[in-house]
Amino acid sequence: MIKLDDAYDEQNIFAKILRGDMPNITLYEDDKTLAFMDIMPQAVGHCLVIPKEPAVTFLDLSEDSAAAVMATAKKVAAAVVKAVDAPGFMMAQLNSSAAGQTVPHYHMHILPRHDGLDLEFHARKPEDMAVLNETADKIRAYL
Ligand code: AMP
């Protein structure tokens, strides 16, 4: 359970990705943020933007990191919608288990949307790595 007042857990999966202890399919990186493919995508092109700052929820994030996440989300979302030819997209982020957060490091979801196409279930089905890499290549081409 992730609660709003939880201390940051250095062993969470995104902290491991930031330390280089876990692989990820990186789309974009700068000094304050990292964007990578979601391995259980709810739509083709679903990716995540995280701050390098250790923060569990939006309330823990510094204004500087929040601004950096938004700047990266804007860059990456523009590339994603072109790469998967999406007429729309959602940005979402969940704060605490009560809101459905499963990884206790702040992250913004970028979810391409197409008319009449429902999202897959949240964090349910791992996608084939070759498929994720193929989509990532298409996204990177627009970054
Ligand atoms: P949330 O439930 O909002 O905390 O979202 C966590 C997201 O991280 C889910 O969409 C998961 O599919 C995704 N996820 C979990 N582990 C990994 C991982 N190792 N690499 C990339 N995405 C992950």
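That block above? That's the structure.
Every value quoted in this text rests on a predicted model; they were computed, and no experiment measured them.

Undergrad: What is the right way to look at the overall build of the protein in this model?
TA: When helices and strands are counted, the protein shows three helices and five strands. For the protein, the C-alpha radius of gyration of 14 Å lies close to 15 Å, the compact-globule estimate for 143 residues. For the protein, buried positions account for 40% of its 143 residues. For the protein, the proportion of contacts with a sequence separation of at least 24, taken over those separated by at least 6, is 64%. When the accessible surface of the protein is split by element, carbon and sulfur atoms take 56% of a total near 7,900 Å². Taking the 13 positively charged and 21 negatively charged side chains of the protein as two groups, their mean positions are separated by 3 Å.

Undergrad: I tried to follow the pairing of strand β2 (residues 33-37) on my own but got confused; where do I start?
TA: When a strand is regular, its side chains alternate between the sheet's two faces. Across the five residues of β2, five count as buried, placing the element largely inside the fold. Burial of the side chains of β2 extends over both faces: Thr33, Ala35 and Met37 are buried on one face and Leu34 and Phe36 on the other. Alignment of strand β1 (residues 26-29) against β2, held across three bridges, turns out to be antiparallel. Bridge pairing in β2 places glutamate 29 opposite leucine 34. Linking β1 back to β2 in an antiparallel pair, the connection comprises three residues. One ladder, built from five bridges, connects β2 with strand β3 (residues 47-51); its direction is antiparallel. Bridging across to β3, methionine 37 finds its partner in cysteine 47.

Undergrad: Sorry if this is basic, but what is going on with the site of the ligand here?
TA: The full set close to the ligand counts 19 residues, and Asp38, Thr102, His107, His109 and His122 are the nearest of them. For the ligand, an oxygen atom lies 2.7 Å from a polar atom in the side chain of threonine 102. Valine 103 places a main-chain nitrogen or oxygen 3.0 Å from an oxygen atom of the ligand. Against a free-state accessible area of 500 Å², the protein chains account for coverage of 96% of the ligand. Taken together, the residues that form the shell around the ligand break down as 11 nonpolar, seven polar and one charged.

Undergrad: In this structure, what is going on with the sheet that holds β3? I would like to understand it.
TA: Backbone hydrogen bonds hold the strands of a sheet together, and the pairing may be parallel or antiparallel. Here we have five strands laid out as an open sheet, ordered β1-β2-β3-β5-β4, and antiparallel in their pairing. Taken across any chain shown, the strands that pair with only one partner, and hence form the sheet edges, are β1 and β4 (88-92). In this sheet, neighbouring strand axes are inclined to one another by 20° on average, regardless of whether the strands run parallel or antiparallel. Pairing of β4 with strand β5 (residues 108-113), which is carried by five bridges, proceeds in the antiparallel orientation. Residue pairing in the sheet places methionine 90 in a bridge with leucine 111 of β5.

Undergrad: Mind showing me how you'd approach the nonpolar core here?
TA: Generally speaking, soluble globular proteins have nonpolar side chains that are buried together. Formed by 25 residues in total, the largest nonpolar core has its most connected members in Leu27, Met37, Cys47, Val49, Val76, Ile110 and Ile139. Listed by contribution, the elements that provide at least two residues to this core are β1, β2, β3, α2 (63-83), β5 and α3 (129-140). It is α2 that contributes the most residues to this core, eight residues altogether. Here isoleucine 139 is in contact with Leu27, Met37, Gly45, Ala79, Val80 and Ala83, once residues within four sequence places are set aside. In terms of nonpolar packing, the next biggest core, distinct from the first, is built from seven residues, Phe14, Phe36, Leu48 and Ile50 among them.

What counts as what
- Residues numbered from 1 in each chain as written.
- Predicted model: local features only at pLDDT ≥ 70, side-chain atom pairs only at ≥ 80, totals over all residues.
- Heavy atoms only, no water.
- Helix = DSSP H or I, 4+ residues; strand = E, 2+ residues; numbered from the N terminus.
- Rg over C-alpha atoms; globule rule 2.2 N^0.38 Å.
- Buried < 20%, exposed > 50% of the residue type's maximum accessible area, 1.4 Å probe, protein only.
- Contact = heavy atoms within 4.5 Å.
- Areas by Shrake-Rupley, 256 points an atom, 1.4 Å probe, with all protein chains shown as cover.
- Lys, Arg positive; Asp, Glu negative; His and termini not counted.
- Charge placed at Lys NZ, Arg CZ, Asp CG, Glu CD.
- Pairing = 2+ DSSP bridges.
- Near = heavy atom within 4 Å.
- Polar contact = N/O pair within 3.5 Å; in protein donor to acceptor, adjacent residues only side chain to side chain.
- Nonpolar A, V, L, I, M, F, W, Y, C, P; charged D, E, K, R; others polar.
- Axes fitted to C-alpha atoms, helices over the stretch in contact; angles between N-to-C directions.
- Core = buried A, V, L, I, M, F, W, Y, C linked by side-chain atoms within 4.5 Å.

What is shown is where atoms sit, not what they do.
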